[in-house]
Amino acid sequence: MSDFLENHGIIITGAASGIGRATALRCAEAGASLVLADRDIEGCNETSQLVQKLGGQAEPVEVDVANADSVQTLISHAVDTLGKIDGAFNNAGIEGQSTRRITDWDEDVFDLTMGINLKGVWLCMKYEVDQMLSQGGGGSIVNTASIAGLVGLKGGGGYTASKHGVVGLSKTAALEFSSKGVRVNTVCPGTIETPMIDRLLDDSGAESSFFVEKTPIGRLGKPQEIGDAVAWLLSDKASLVTGIALPVDGGWVA
Ligand SMILES: NC(=O)c1ccc[n+]([C@@H]2O[C@H](COP(=O)([O-])OP(=O)(O)OC[C@H]3O[C@@H](n4cnc5c(N)ncnc54)[C@H](O)[C@@H]3O)[C@@H](O)[C@H]2O)c1
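Keep in mind that this is a model prediction, so the values were computed, not measured.

Asker: Which residues make up the overall build of the chain, and what values go with them?
Answerer: Along the chain, the regular secondary structure elements total eight helices and seven strands. Rg of the C-alpha trace for the chain: 17 Å, near the compact-globule value of 18 Å for 254 residues, within the 12% margin. Projected onto the principal axes, the alpha-carbon positions of the chain cover approximately 45 × 35 × 35 Å. The 254 residues of the chain split such that 50% are buried. Restricting to contacts in the chain with at least 6 residues of sequence separation, those with at least 24 account for 74%.

Asker: Which residues make up the site of the ligand, and what are the values?
Answerer: Near the ligand, the surroundings consist of 30 residues, among which Gly-14, Ser-17, Gly-18, Gly-93 and Thr-194 are the closest. Of all the secondary structure elements, the ones that give two or more residues to the shell around the ligand are helix H1 (18-29), helix H4 (107-135) and helix H6 (195-204). Residue composition of the shell around the ligand, by class: 13 nonpolar, 13 polar and four charged.

Asker: Outline unusual backbone geometry, listing residues and values.
Answerer: For Asn-7, which is not glycine, the phi dihedral falls at a positive 65°. Inspection of the secondary structure puts Asn-7 in the segment before strand S1 (9-13).

Asker: Which residues make up the packing of H4 against helix H5 (residues 157-177), and what values go with them?
Answerer: The description of two packed helices rests on the angle between their axes and on the distance between the axes. Across the interface, H4 lies against H5 with an axial gap of 9 Å and an inter-helix angle of 15°. By the angle between their directions, the pair H4 and H5 is classed as roughly parallel. The handedness of the crossing between H4 and H5 comes out as right-handed. Across from Val-109, Phe-110, Thr-113, Met-114, Asn-117, Leu-118, Val-121, Trp-122, Met-125 and Val-129 in H4, the residues of H5 making contact are Gly-158, Tyr-159, Ser-162, Lys-163, Gly-165, Val-166, Leu-169, Ala-173 and Phe-177.

Asker: Please set out the sheet that holds strand S2 (residues 33-38) residue by residue, giving values where relevant.
Answerer: Ordered by their spatial adjacency, seven strands build an open sheet running S3-S2-S1-S4-S5-S6-S7, and the pairing between neighbours is parallel. Two strands lie at the open edges of the sheet, namely strand S3 (57-62) and strand S7 (245-248), each paired on one side alone. Sheet twist, expressed as the mean angle between neighbouring strand axes with direction ignored, is 20°. Relative to S3, S2 runs parallel, the two sharing six bridges. Within the sheet, the bridge partner assigned to Asp-38 lies in S3 and is Glu-62. Along the sheet, helix H2 (residues 41-53) contacts S2 and S3; its crossing angle with S3, the most-contacted strand, is approximately 175°. Its contacts with the sheet place helix H8 (residues 223-234) against S1, strand S4 (87-90), strand S5 (139-144), strand S6 (182-189) and S7, and it is angled at close to 170° to S6.

Asker: Account for the environment of Ala-206, with residues named and values stated.
Answerer: Checked against the element boundaries, Ala-206 lands in the loop between H6 and helix H7 (209-212). Given 12 C-beta atoms within a 10 Å radius, Ala-206 is considered exposed. Taking the C-alpha atoms as reference points, Ala-206 and Trp-232, separated by 26 residues in sequence, lie 34 Å from one another.

What counts, and where the lines are drawn
- By convention here, each chain's residues receive numbers from 1 onward along its written sequence.
- Under the rules for a predicted model, residues below a pLDDT of 70 receive no local features and side-chain atom pairs below 80 are neither given nor counted, while totals for whole chains, interfaces and linings still include all residues.
- Runs of E in the DSSP output that reach at least two residues are strands. Runs of H or I that reach at least four are helices, and both are numbered from the N terminus.
- Here the globule rule reads 2.2 Å times residues to the power 0.38, and the radius of gyration is calculated from C-alpha atoms.
- Put simply, a residue is buried when 20 or more other C-beta atoms lie within 10 Å of its own C-beta and exposed when 12 or fewer do; between those, it is partly exposed, and each C-beta is set from the backbone.
- We call two residues in contact when the distance between their C-beta atoms, placed using the backbone, is within 7 Å.
- As a rule, any residue with its backbone-derived C-beta atom within 6 Å of a molecule or strand is reported as near that molecule or strand.
- Basically, the charged four are Asp, Glu, Lys and Arg, the nonpolar ten are Ala, Val, Leu, Ile, Met, Phe, Trp, Tyr, Cys and Pro, and anything else, Gly included, counts as polar.
- All axes here are fitted lines through C-alpha atoms, helices being fitted over the stretch that makes contact, and every angle between N-to-C directions spans 0 to 180 degrees.
- Here the angle decides the label: under 35 degrees means roughly parallel, over 145 means roughly antiparallel, 65 to 115 means roughly perpendicular, and every other value means oblique.
- It is the rotation of the near helix from the far one that decides the hand of a crossing: anticlockwise by less than a right angle makes it left-handed, clockwise makes it right-handed.
- Strands were regarded as paired on the criterion that DSSP finds at least two bridges between them.

Fair warning: the whole summary comes from geometry, so function is off the table for now.
Put into structure tokens, the structure is as follows:
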């Protein structure tokens, strides 16, 4: 077991499921202490138990990333638990109505998608960066966008708009805070085997081969493969890396 995240206190949102859970396990293996946040507290408890089985430390916290008070409570809870925040993976997200054309998206779902995927990332960064600067020791933030943050996707509608927003917001934060020691990067997953993709396949009636055909590497990604990239970006091994939007997508955007 490599310990490249030893003495790192890290917050992960969307930690109850999929990419967030796999990343929590990867960071725990690398020695991090974790605060695991999600609106699904039962799923968060399960992830915490899985981390503890690996011998890691994890505290589950309920949060709605689209709500400023809830995010502020998360950050102060994390500081109480971890002592400091060295890293954050702002990953919570929803797919909205990603099987519909933009003309068929409902206004309330569009607002909800932007509220969680884009405003939620902004709110988390707002309070995380403040905390990192007040500690004086820098930090690393990774936000989850998507290949839908780099290219248009038919059916993506509000989702694609929100993920392009995450890429732009993250680059701006990198410009503003890298000189103060806070690195900010975005990870852009391709099609990854998680409950989100299961829901999209169910809604559209498509087979997973639909996504595989668009992926040069010839298969869907595993959430652990995103976890590996994120753990690296969160660590000092990526000390010169800031302001990037990293596709981890089996070649999709190529
Ligand atoms: N699975 C993919 O193929 C894929 C591809 C590109 C990007 N992504 C992105 O990766 C991230 C994780 O997705 P996943 O595939 O693991 O999906 P998932 O549905 O398995 O997990 C998403 C998690 O976010 C949580 N969440 C949703 N709204 C929240 C809120 N308001 N506050 C707190 N938590 C909330 C959910 O409860 C869930 O645990 C998302 O941002 C998603 O857009 C996924």
